[in-house]
There are 2 protein chains.
Amino acid sequence: MSELQRVTVLAGGVGGARFTRGLLAHLEDAYPDGTGGSRVAVTVVVNTGDDMTLNGLRVCPDLDTVMYTLGGGISEEQGWGRDDESRRVSGEIAAYGRGWDWFTLGDLDLGTHIVRTELLRDGATLSEATEYLCRRWKPAARLLPMSDQPVETQVRVGEAVDEHPAGALIHFEEWWVRYRAHVPATEFVQRGLEQATAAPGVIEAILDADVVILPPSNPVVSVGTILNVPGIRDAVRQTAAHVVGVSPIIGGAAVRGMADACLTVIGVETSAQGVGLHYGARRTKSAGLIDGWLVDETDADAVPHLAEAGIRARAVPLWMRDVPATARMAADALELAFE
Amino acid sequence: MSELQRVTVLAGGVGGARFTRGLLAHLEDAYPDGTGGSRVAVTVVVNTGDDMTLNGLRVCPDLDTVMYTLGGGISEEQGWGRDDESRRVSGEIAAYGRGWDWFTLGDLDLGTHIVRTELLRDGATLSEATEYLCRRWKPAARLLPMSDQPVETQVRVGEAVDEHPAGALIHFEEWWVRYRAHVPATEFVQRGLEQATAAPGVIEAILDADVVILPPSNPVVSVGTILNVPGIRDAVRQTAAHVVGVSPIIGGAAVRGMADACLTVIGVETSAQGVGLHYGARRTKSAGLIDGWLVDETDADAVPHLAEAGIRARAVPLWMRDVPATARMAADALELAFE
């Protein structure tokens, strides 16, 4: 294969962040730049549909998870938020009757939100604010929000819950964190999507890449939301890059999180095969998005079915146990891309 | 004397807060309401000239000091800020290169600023936000900001310091906290004062009081700033209340803080007598502000000189060592009012 130069990942939170960390570890090994890094340029386009304004502060869960994970500040145990975290400020906000009992901001994390909010209020775009914050964390990849315009993923609840009547639209994070996705949902709505444009550099990062990777992020509300930003899905379809995905479903269950609940809402089977077919094969009549699809070894049965649909699939171990295991997954994904 | 019903205090930060706490303790003793409180209604009009926007958050140092002191949350050792405080968020903000090394926001204190900022952004006035915050702290007095419009006390520095050229205007808190008032100042400027009006209830609280007290707060940048809000000085001159002050200067030095540096800038002698004469006698040609003036026993010599100028003065112990000692001072001030 020709020398790999540019890889672009479309990521949500924990899954995308951990995958990218493994990818960077692999690239540092396989394509070293001689100074401890890699000569392959990695761009991560991050979902911002989960962003919220909490107590006047702009919170970007996925951008922060990716930034902290690649910057060495993540709580490994949680997968999100900061290591060695405390919640003193949140306790105060609650004492004033202004917090949410289902969403607590950590003190260290709040530092990020305060600085971001200040930058945005001073006129910075989210891209600029993200770049500023990354100067501290120095991730070995370029982080781009999918859009500089606010896009908010909302969930229409199928039955009344707490203060919400049946049919109400609630913020995705409320459905996800407060209700653990246990309240029936009838649809996802992405508010602001029509007016949104891809952030500067996003379309180019997809079109100019050698490989575009859909990591094991939530295919509906993470990767799906990114793809719905005007221009991004078409760029993935049109890029000369090889596009490969990594299944977030192993043996019929989400590796982490509650992706199954999201897949059910949009009528996609919770299986490695189901998600692969949902993305669909590129360069076919169905105008899908992927050339290749990695499934777990326990889902090897799906490989021939995916092949039939025009998707090059391969079964390898997909558990992101640690960085070396994840680096091997990333290496497998790249190999599949150039197969 | 007739039954005391309403007392209004014009307060800055630490000195005014501690004095008011002593006043409330005295009133609970001397005018009990039968439920542990006092039947005397106390209003504190608080200086907001030191307010700042730090990292996008609205900080009101004097309002918070009074609220925490009367609400039982103050750091006794510092006199300002919260007890059992930590500085984790500030450490993060500094790590992003956005803090001030001379002004650190405590984590608990930040909860207040975040909630206040959210309320203000949602359209509340500072009076409304203050009332909201006080619902938690339940001070036994009504706290009113001097104005709902921002007024900012600035200091013109007489010589170049750090990034500021000679003649530059800097925020009062920068001069006070960063430079400990050691940089020569040539004047105080209160930006926004002409457009400001007294907050709802302030003028009434002065006009309808039985006693108005100028506590041992900074006479220049705390009490002086309040008096400069259009309408307030006239209300103090015109009220039927007895107006008494408590000297913030003992034996030629500020009891606390650096009031001497402020007095020097406006050409007032740093002495109990100097400050008393600076406020001036009411109901005389000089159209001053006070009927009575408490000085410390070590400044007893000043009493006849003040009397000559038409100011009823008395020398009593003025150190606010603890709440009982401060309660006695407050009792002395009230006694002087009705003498």
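A few points about the sheet that holds strand S6 (residues 152–157) of chain A
Residues and elements named next belong to chain A.
Here is step 1 of the chain: In spatial order, the strands read S7-S6-S8; together these three strands make up an open sheet with antiparallel pairing. Both outer strands of the open sheet, strand S7 (169–171) and strand S8 (185–191), are each paired with one neighbouring strand and no more. Averaged over neighbouring strand pairs, the angle between their axes works out to 35° when direction is ignored.
Here is step 2 of the chain: In this structure, S6 lies alongside S8, joined through six bridges in antiparallel fashion. Residue pairing in the sheet places valine 155 in a bridge with phenylalanine 188 of S8.

Comments concerning the domain arrangement of chain A
Residue and element names in this part refer to chain A.
Here is step 1 of the chain: Along its sequence, chain A is carved into domain 1 (6–147 + 195–337) and domain 2 (152–191).
Here is step 2 of the chain: Distance from the C-alpha centre of domain 1 to the C-alpha centre of domain 2: 22 Å.
Here is step 3 of the chain: The partner domain 2 presents 17 residues to the 19 residues of domain 1 that form the contact.
Here is step 4 of the chain: Around 1,500 Å² of area is buried between domain 1 and domain 2 when both sides are counted, 69% of it from carbon and sulfur atoms.
Here is step 5 of the chain: Broken down residue by residue, the surface that domain 1 buries against domain 2 is led by Trp102, Met258 and Val265, which jointly contribute 44%.
Here is step 6 of the chain: At the boundary of domain 1 with domain 2, the tally comes to zero salt bridges.
Here is step 7 of the chain: Counting every contact that joins domain 1 to domain 2 gives four residue pairs in polar contact (both at pLDDT 80 or more).

Focus: the confidence of the model for chain A
Here is step 1 of the chain: Confidence in the prediction of chain A, expressed as mean pLDDT, is 95, and 99% of residues score 70 or more.
Here is step 2 of the chain: Interface predicted TM-score (ipTM) for the complex: 0.93; the corresponding pTM is 0.94.

Side note on the packing of helix H2 (residues 61–71) of chain B against helix H4 (residues 107–121) of chain B
All names here are of chain B.
Here is step 1 of the chain: Contact geometry of H2 with H4 gives a least axis separation of 12 Å together with a crossing angle of 120°. Viewed along their axes, H2 and H4 adopt a mutual orientation that is oblique. In this structure, the crossing between H2 and H4 has a hand that is right-handed. Taking contact as the criterion, the partners of Asp64, Met67 and Tyr68 in H2 are, on H4, Asp109, Thr112, His113 and Arg116.
Here is step 2 of the chain: Across the contact of H2 with H4, the residue classes break down as two nonpolar, two polar and three charged.

A short note on the pattern of salt bridges
Side chains that differ in charge, positive against negative, can pair when their charged atoms come close.
Residue and element names in this part refer to chain B.
Here is step 1 of the chain: Taken as a whole and assessed by the stated rule, the structure comprises 34 salt bridges over all chains.
Here is step 2 of the chain: Between arginine 178 and glutamate 163 there is a salt bridge; the shortest N-O distance is 3.2 Å. With arginine 178 in helix H6 (residues 172–178) and glutamate 163 in the loop between strand S6 (152–157) and strand S7 (169–171), this pair connects stretches of sequence that are 15 residues apart.
Here is step 3 of the chain: When the shortest N-O distance is used, the salt bridge between glutamate 339 and arginine 314 registers 1.9 Å.

What to know about the relation of the copies chain A and chain B
Here is step 1 of the chain: Rotating chain A by 180° and translating it 0.0 Å along the rotation axis places it on chain B, where the RMSD comes to 0.0 Å. With respect to symmetry, the two chain copies, as superposed, fit the operation of a two-fold axis. Of every C-alpha in chain A, the one belonging to A:Asp107 sits nearest the axis of rotation, 3.7 Å from it.
Here is step 2 of the chain: Interface residue correspondence from chain A to chain B reaches 100%, placing this contact among same-surface, isologous pairings.

A closer look at the side chain of B:Ser247
Here is step 1 of the chain: Position of B:Ser247 among the secondary structure elements: in the loop between strand S10 (242–246) and strand S11 (249–250).
Here is step 2 of the chain: Each residue touching B:Ser247, except ones within four places of it in the same chain, is listed here: B:Pro216, B:Ala272, B:Trp293, B:Leu294, B:Val295 and B:Leu318.

Focus: the sheet that holds strand S10 (residues 242–246) of chain A
Residues and elements named next belong to chain A.
Here is step 1 of the chain: A sheet is described by the order of its strands in space; here seven strands give the open sequence S5-S2-S1-S9-S10-S13-S14, paired in parallel fashion. Every interior strand has two partners, whereas the edge strands, strand S5 (142–145) and strand S14 (312–316), have only one. With strand direction ignored, the average angle separating the axes of adjacent strands in the sheet is 20°.
Here is step 2 of the chain: Sheet topology note: the strand S1 (residues 6–11)/strand S2 (residues 41–46) ladder contains six bridges and is parallel. Paired with alanine 11 across the bridge in S2 is valine 46.
Here is step 3 of the chain: Sitting on the sheet, helix H2 (residues 61–71) is in contact with S2 and S5, with an inclination near 175° to S5.

A closer look at the interface of chain A and chain B
Here is step 1 of the chain: Residue-level contacts link 32 residues of chain A with 32 residues of chain B.
Here is step 2 of the chain: With both chains or domains summed, chain A and chain B bury close to 2,800 Å², and 55% of this area falls on carbon and sulfur atoms.
Here is step 3 of the chain: Close ionic contact of B:Glu118 with A:Arg98 constitutes a salt bridge, the shortest N to O distance being 3.5 Å.
Here is step 4 of the chain: There are 18 residue pairs in polar contact (both at pLDDT 80 or more) connecting chain A and chain B.
Here is step 5 of the chain: Taken together, the elements giving at least two residues each to the side of chain A that touches chain B come down to H2, helix H3 (88–95), helix H4 (107–121) and helix H5 (126–137) of chain A.

Rules and cut-offs
- Residues numbered from 1 in each chain as written.
- Chains lettered and ligands numbered in written order.
- Predicted model: local features only at pLDDT ≥ 70, side-chain atom pairs only at ≥ 80, totals over all residues.
- Heavy atoms only, no water.
- Pairing = 2+ DSSP bridges.
- Helix = DSSP H or I, 4+ residues; strand = E, 2+ residues; numbered from the N terminus.
- Axes fitted to C-alpha atoms, helices over the stretch in contact; angles between N-to-C directions.
- Domains from an automatic or database assignment.
- Contact = heavy atoms within 4.5 Å.
- Buried area = accessible area lost by both parts, 1.4 Å probe.
- Salt bridge = Lys/Arg side-chain N within 4 Å of Asp/Glu carboxyl O.
- Polar contact = N/O pair within 3.5 Å; in protein donor to acceptor, adjacent residues only side chain to side chain.
- pLDDT = per-residue confidence, 0-100.
- Parallel < 35°, antiparallel > 145°, perpendicular 65-115°, else oblique.
- Left-handed = near helix turned anticlockwise from the far one by under 90°.
- Nonpolar A, V, L, I, M, F, W, Y, C, P; charged D, E, K, R; others polar.
- Least-squares fit on C-alpha atoms with pLDDT ≥ 70 in both.

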